[in-house]
Amino acid sequence: MIINTASFVKSSARLSQCPEPEMPEYAFIGRSNVGKSSLINMLTGRTKLAKTSSTPGKTQTINHFLINDSWYLADLPGYGYAKVSKKMRAEWKQLIHNYILKRENLMNLFVLIDSRHKPLESDLEFIHFLGTNHVPLSLVFTKSDKRKNNSLKVVLESYENVLGESWEELPPMFISSTEEKRGREEILAYIEKTLRYFEKA
Ligand code: GTP
Ligand code: MG
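As the structure is a prediction and not an experimental result, all values here were calculated from the model. (Residues numbered from 1 in each chain as written. Chains lettered and ligands numbered in written order. Predicted model: local features only at pLDDT ≥ 70, side-chain atom pairs only at ≥ 80, totals over all residues. Heavy atoms only, no water.)

Now for the pattern of salt bridges. Side chains that differ in sign of charge can pair as their charged atoms come close. Counted according to the given criterion, the structure contains 4 salt bridges. Among the salt bridges present, the one from K87 reaches E91, with a minimum N-O distance of 3.3 Å. Separated by 4 residues within a single helix, K87 and E91 lie in helix 2 (residues 86–102), roughly one turn from each other. Using a relative accessible area of 45% as the deciding quantity, one classes E91 as partly exposed. For R116, the salt bridge identified is with D114, shortest N-O distance 2.8 Å. The exposure class assigned to R116 is partly exposed, which follows from its relative accessible area of 34%. (Salt bridge = Lys/Arg side-chain N within 4 Å of Asp/Glu carboxyl O. Helix = DSSP H or I, 4+ residues; strand = E, 2+ residues; numbered from the N terminus. Buried < 20%, exposed > 50% of the residue type's maximum accessible area, 1.4 Å probe, protein only.)

Written out as structure tokens, the structure reads:
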């Protein structure tokens, strides 16, 4: 898919502030610092579209971007950041759960996972929450440039094993690296393929 236009639309602190759900939407979520904003920039080919930072917790609202005047990308705030207060964590949970369970135009939630780590409890818990609630999801293993191919395989397999214990069908899985521009074509092809299933409410 060719990205002709990509522009920032707005930041929303609650679901009701999000753009009208009249176009298909793809959202990106994952632990703080996993590389959500960087991935959005790689996919769109715009280096400064989503703000990235080496300090975790940069994105705190839902940020919408309009692509090719026909679909949205949503950059969601990260979870599992230790230095965040209990109150902020509770606010995050409310915002995200509300968004995930009620956003009518959500086509797919890309759950980003740092490929350097073995399955983490907070990631698994979140993935299971999505599964239980029938939220369409895909997994994206980020920062693959920091791993050798064989150790990457071990991480993927451990996820397949853990999820396979309770799921009949595994979600689509992608490997990405913004350093090596890896995963861009595959993820964009997946979006292109699923865009046609969008049904206006
Ligand atoms: P929050 O908004 O804080 O939740 O973070 P985020 O998930 O949006 O992460 P962000 O894209 O800001 O990236 C965090 C850090 O990881 C930055 O320093 C990026 O440069 C780095 N990073 C992101 N993707 C990659 C990657 O594929 N490879 C490498 N080596 N570094 C990456
Ligand atoms: Mg971010």
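Moving on: the environment of K93. Tracing the sequence through the fold places K93 in helix 2. Along the backbone, K93 and P77 are 16 residues apart, and their C-alpha atoms lie at a distance of 10.0 Å.

The next point concerns unusual backbone geometry. A positive phi angle, close to 80 degrees, is found at N33, a residue other than glycine. The backbone phi angle of N68 is positive, close to 45 degrees, even though this residue is not glycine.

Most often, soluble globular proteins keep nonpolar side chains buried together rather than apart. Counting 30 residues, the largest nonpolar core has I29, Y99, L109, V111 and F126 as its most contacted members. Among the secondary structure elements, those contributing two or more residues to this core are strand 2 (25–30), helix 2, strand 5 (106–114), helix 3 (121–132), strand 6 (137–142) and helix 4 (149–166). In terms of residue count, the dominant contributor to this core is helix 2 (5 residues). Here V111 is in contact with I29, Y79, F126, I127, L130, L137, S138, L139 and V140, once residues within four sequence places are set aside. (Core = buried A, V, L, I, M, F, W, Y, C linked by side-chain atoms within 4.5 Å. Contact = heavy atoms within 4.5 Å.)

Read these as spatial facts, not as claims about activity.
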